[in-house]
Each structure stands twice: as structure tokens, then as C-alpha cells.
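# Observations on chain architecture
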Amino acid sequence: MRPNRRLIVPLALATTSSQASIVVLAPILVEVSRAFDTSISAVGQARAVLAFTAVAATIAIARLIDRLGVRPLLLFGATASLVGAGLTAASPNLPLFFAAQIPAGLGVACLLSAGFAGVGAYFEESDAAWGIGYVVGMQSLAWIIGNPIVGFLTESVSWRLAYAVPAVVSLGAFVTCLLMLPREGRAGAVHDRSARRGLGAVLRDASARRWTLSELLAYGAWTGELTFAGAFYIQTYGVSESTVGILLSIPSLAFLLLSPRVAGVTDRFGLKPVIVVGGVGMGALILLAFTFTPSVPFTVALICLVAVFAALRLNGSSTLGLGQLPHQPGSMMAARTASAQLGYVVGAVAGGAVLAVGGFGLLGLILFAGLLISTVVVWGVTDPLEEALSSARDTAEREAVPQFTVPD
């Protein structure tokens, strides 16, 4: 039992809402391409539009979040996401479908940045890993519950009605933030006035900059798998949209179950080793899943293992990032949002291009390379907690050495 545990509800719903706005595209990708008489790779660029908007919005959000607080940005983000879902569902053609991703991307920027920054604002440093575990893990509910509903609505009614799912989650995030979230952060929370520099403060710090680059590479690679996973099942195995929704939800359950337990793993082995193992494991298994396809159960099992390694990497990395600039959680988590969403842009655009040229086998190889490079970069990031523990151990060893004095 943790203090302020009820505050997990609005923070987790906020990040789940942002995730629902993103993942809704996966089960409906084929159906939307048919409706607008275009290719799957072309429709997949809608995620790039959403992500690019989120990156642009995050530049402003990074300068505001530590000054305005978490709650106002979460309320604004939930409203923008609700508007984006409605406009997307009503889009009569592909250009307007793309345009509707702009308010959705603005909502994602606010909800993700403020949702993660809320852990630093409302929880003690000793509880940060615990809070991150739930805020990260609960996002998978968008896949576990949302995607099967999206697939069912798409197949039985219309892909347009499927956007009721992100709309409902956004509304839930708005209500819980309004009713449950305090206007102020925890007592004793300190915010450096230099946080007004936003992303500039992050980029000027060498360790924080390396962490941000690692996140960009990792999210770019993971996006290639997430964006085209639904189309992979349909084209490789000939399954229906409703079945795809179910298949995509199964690995997310593994992600959800493991995420709250990653804090114990990092306490034992350290943040960076866990992040590295998670990243390398993700890449190797994605490559195998996209190149060796004997059956649906085999592929689902591999993607479940990808989700397990992803839980290790995402939770460990988010906790490591939160510790880079401890007095600027808003700026640091805005950098996380920017790198993740820019990764979505790169992943969606490059993934679509690679898929059109070389198919899923080449895509898997590129994604593996991206995750491998990300693990190399993250190894150079400073772990403040490990440094503090190392300093404490050195002090204890010095104090344990007997001191001898020479008599006069």
C-alpha cells in the first residue's frame, strides 16, 4: 500500500487515453484504406501526422508544465483528444482524416507529458518506480480492452464507430482528473526555476540528452511493429479485423501484468542492465516474428515475449529519465513525449517505406538494428540513484577502515 495511491487513477487514465488515440489505427488500417481507396502504408501515415503534431506541441508544453502544473494540462489534453476522435470519425476523405489527427496529437502531447510528470509531482522519489510501473502498465488497457472493441465495431458496424473507444477513455480521463487530482503537487516538491527553459534544459544536459536520443531510437523501432502488426496478421494469416483486435490485446496483457513488478527487478539488478536486456530482447524477437511465420499461435507467443521485454525497457527507461533532472519532472517527461512521438513519426514513415520495398522481413531487420543502437546509447546515461548508492558504499567503506594515529 502506497501513499497517494488513488492518484494513480487519473494519471493512468490520462496516459491510457493518449495510447487509445494512437493504437486505434492498428485494427482499422485495412478497412480505412479500402474506404478511401488507398494503400495501407498511406493510411499508416496518419500516425505520423498525429506524432508530428505531438512533437510540435511538446515544445510549448515543456515550458509550461512545471509552471502551470499537471492538472490543467491533463484537462486540456483530454478535451483535445475527445475533439480529435470525433473529427476523425466524421472524416469524409483521407486529407481530412489526416487533419483530424492534429487535435488528437495535441491531446497526446498533453496527456503523456503531464501524466508521467505527475509521478514526479505527486509521489516521493522513493515511490517513483512504483508509480511509473502503474502509469506505464495501465496504458496497455488500450490494447487489452480497447483494441478488441475497436476490431469488433469495425467489422460489425464501421471503423468510424470505433473512434468511440478513444473518445470514452478521454472523457474518463477528464472526469477523474477534475474530481480526484489535487491542484498542487506533493508537499516538499521542488521545482527549479530553470525548468522554464523546457526542452532546452534537457538538451543542454549531456546525460539527459543521451537518454532522449535513446528513447527516440527505441520508440522509432517499436512503432514499426505496433503500427503494422494488425496488417501483418491480416496479410500473413488472413485473419479478420475482429480477430486482429483480440490478437493484439494478448501481448498487452503480459505487458500490464509485468509492468508494476519491474520496480523490484530494477532494485535488484539496476536500471541500465534491465533497460539493455529489454531493448535487445525486443529487437531480436521482433525480427524473428516478422521472418518466421509457421502459425498464428507461434507469432502471438513471440509478440507476448516482445511485450515482456518492452515492459522491462519502458519502465526502467522512464524511471531513469525522471531521475535525470529531478527538479524538472515536467521538462524531462516532455522530452520523453517528444522523443516518443518523433519516434512514431520516424517509425511510421520509415516503416511504411521499408514495408513497401522489402516486406516484413526487411522491416524486422531494421527494427532490430534500431533497438540495438538504442541500448548502446542508453549505457552512457548517468543513473543518479546508482551514483548515490555507490557514493554511500564508498563512504561506508572509508568509515569502516580503522584509523591509526602516531603518538607524539
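In short, a report on the structure. (Residues numbered from 1 in each chain as written. Predicted model: local features only at pLDDT ≥ 70, side-chain atom pairs only at ≥ 80, totals over all residues. Heavy atoms only, no water.)

As a further point, take the overall build of the protein. On a plain count of helices and strands, the protein comes out with 17 helices and zero strands. A burial count over the protein gives 57% of its 408 residues as buried. Considering only contacts in the protein between residues 6 or more positions apart, those separated by 24 or more positions represent 86%. (Helix = DSSP H or I, 4+ residues; strand = E, 2+ residues; numbered from the N terminus. Buried < 20%, exposed > 50% of the residue type's maximum accessible area, 1.4 Å probe, protein only. Contact = heavy atoms within 4.5 Å.)

Considering the arrangement of structural elements, one finds Leu 256 in helix α12 (residues 241–258). Taking the relative accessible area as the measure of exposure, Leu 256 reaches 17% and is therefore buried. Spatially, the C-alpha atoms of Leu 256 and Trp 143 are 10.0 Å apart, while their sequence positions differ by 113 residues. Here Leu 256 is in contact with Gly 137, Met 138, Ser 140, Leu 141 and Ile 144, once residues within four sequence places are set aside.

Right, let's talk about empty space enclosed by the protein for a bit. Tallying each qualifying case throughout the model produces six cavities of 30 Å³ or more. Empty space within the largest cavity amounts to approximately 350 Å³. Gln 19, Trp 143, Trp 222, Leu 226 and Ser 252 are, among the 25 residues lining the largest cavity, the residues nearest its centre. Within the residue set of the lining of the largest cavity, elements represented by two or more residues are α11 (206–237), α12, α15 (296–322) and α16 (329–378). Counting residues per element, the lining of the largest cavity draws most heavily on α11, at six residues. Class assignment for the residues of the lining of the largest cavity results in 18 nonpolar, five polar and two charged. Taken as a whole, the second largest cavity encloses approximately 60 Å³ of empty space. In terms of lining, the second largest cavity is formed by Ser 21, Ile 22, Val 24, Leu 25, Ala 46, Arg 47, Leu 50, Gln 101 and Tyr 163. The set of elements that each furnish at least two residues to the lining of the second largest cavity consists of α1 (8–23) and α3 (40–68). Of all the elements, α3 adds the most residues to the lining of the second largest cavity, at three residues. In the lining of the second largest cavity, the residues fall into six nonpolar, two polar and one charged. (1 Å grid on protein atoms, 1.4 Å probe; cavity = no way out; pocket = protein on both sides within 12 Å on 5 of 7 lines; lining within 4 Å. Points joined across faces, edges and corners; volume = space filled by probe spheres on them. Nonpolar A, V, L, I, M, F, W, Y, C, P; charged D, E, K, R; others polar.)

Let us now look at the nonpolar core. Val 70, Leu 74, Phe 97, Tyr 163 and Trp 222 are the most contacted members of the largest nonpolar core, which totals 127 residues. In terms of residue count, α16 provides more of this core than any other element does, 15 residues in total. (Core = buried A, V, L, I, M, F, W, Y, C linked by side-chain atoms within 4.5 Å.)

Let us look at the packing of aromatic side chains. Enumeration over the complete set of coordinates arrives at 13 aromatic pairs. Pairing Phe 232 with Phe 360 gives two aromatic rings, centres 4.9 Å apart and planes at 75°, and the pair type is edge-to-face. With a gap of 128 residues between them, Phe 232 in helix α11 and Phe 360 in helix α16 connect regions that are remote in the sequence. The exposure class assigned to Phe 232 is buried, which follows from its relative accessible area of 3%. These aromatic residues form a ring-pair network of at least three members: Phe 232, Tyr 233, Tyr 237, Phe 290 and Phe 360. Over the face of the ring belonging to Phe 116 we find Arg 336, whose NZ or CZ atom lies 3.8 Å from the ring centre. (Phe/Tyr/Trp six-rings, centres within 6.5 Å; stacked < 30°, edge-to-face > 60°. Lys NZ or Arg CZ within 6 Å of the ring centre and 35° of its normal.)

The next subject is the packing of helix α14 (residues 271–291) against α15. One way to put it is that α14 packs onto α15 with a least axis distance of 8 Å and a crossing angle of 150°. By the criterion of interaxial angle, the relationship of α14 to α15 is roughly antiparallel. In this structure, α14 crosses over α15, and the sense of that crossing is left-handed. Its residues assigned to classes, the contact of α14 with α15 shows 17 nonpolar, six polar and two charged. (Axes fitted to C-alpha atoms, helices over the stretch in contact; angles between N-to-C directions. Parallel < 35°, antiparallel > 145°, perpendicular 65-115°, else oblique. Left-handed = near helix turned anticlockwise from the far one by under 90°.)

The phi torsion of most residues other than glycine is negative, and most of the peptide bonds are trans. Residue Asp 37 is not a glycine yet carries a positive backbone phi of 55°. As for its position among the elements, Asp 37 is in the loop between α2 (25–35) and α3.

Inspection of every chain in the model, using the stated rule, returns two salt bridges. Ionic pairing is found between Arg 34 and Glu 31, a salt bridge with its closest N-O pair at 3.4 Å. You can see Arg 34 and its partner Glu 31 sitting in helix α2, three residues apart, about one turn around the helix. Owing to a relative accessible area of 53%, Arg 34 belongs among the exposed residues under this scheme. (Salt bridge = Lys/Arg side-chain N within 4 Å of Asp/Glu carboxyl O.)

What follows is about the side chain of Thr 337. Inspection of the secondary structure assignment puts Thr 337 in helix α16. With relative accessibility at 0%, the residue Thr 337 sits in the buried group. Here Ser 113 takes part through its side chain, which lies 2.8 Å from a polar atom of the side chain of Thr 337. Ignoring any residue separated from it by four or fewer positions in sequence, one finds Thr 337 in contact with Thr 58, Ala 109, Leu 112 and Ser 113. (Polar contact = N/O pair within 3.5 Å; in protein donor to acceptor, adjacent residues only side chain to side chain.)

The next point concerns helix α7 (residues 128–137). Note on helix geometry: an α-helix contains 3.6 residues per turn, so any two residues three or four positions apart are oriented the same way. The buried fraction of α7 amounts to eight of the ten residues, a majority that puts the element mostly inside the structure. Taken together, the buried positions of α7 are occupied by Ala 128, Trp 130, Gly 131, Ile 132, Gly 133, Val 135, Val 136 and Gly 137. Where α7 is buried, its residues meet α1, α6 (101–122), α8 (141–156), α12, α13 (262–269) and α15.

Bringing the side chain of Thr 223 into the picture now. Mapped onto the elements, Thr 223 comes out in helix α11. Excluding its chain neighbours within four sequence positions, the residues that come into contact with Thr 223 are Arg 47, Gly 343, Tyr 344, Gly 347 and Ala 348.

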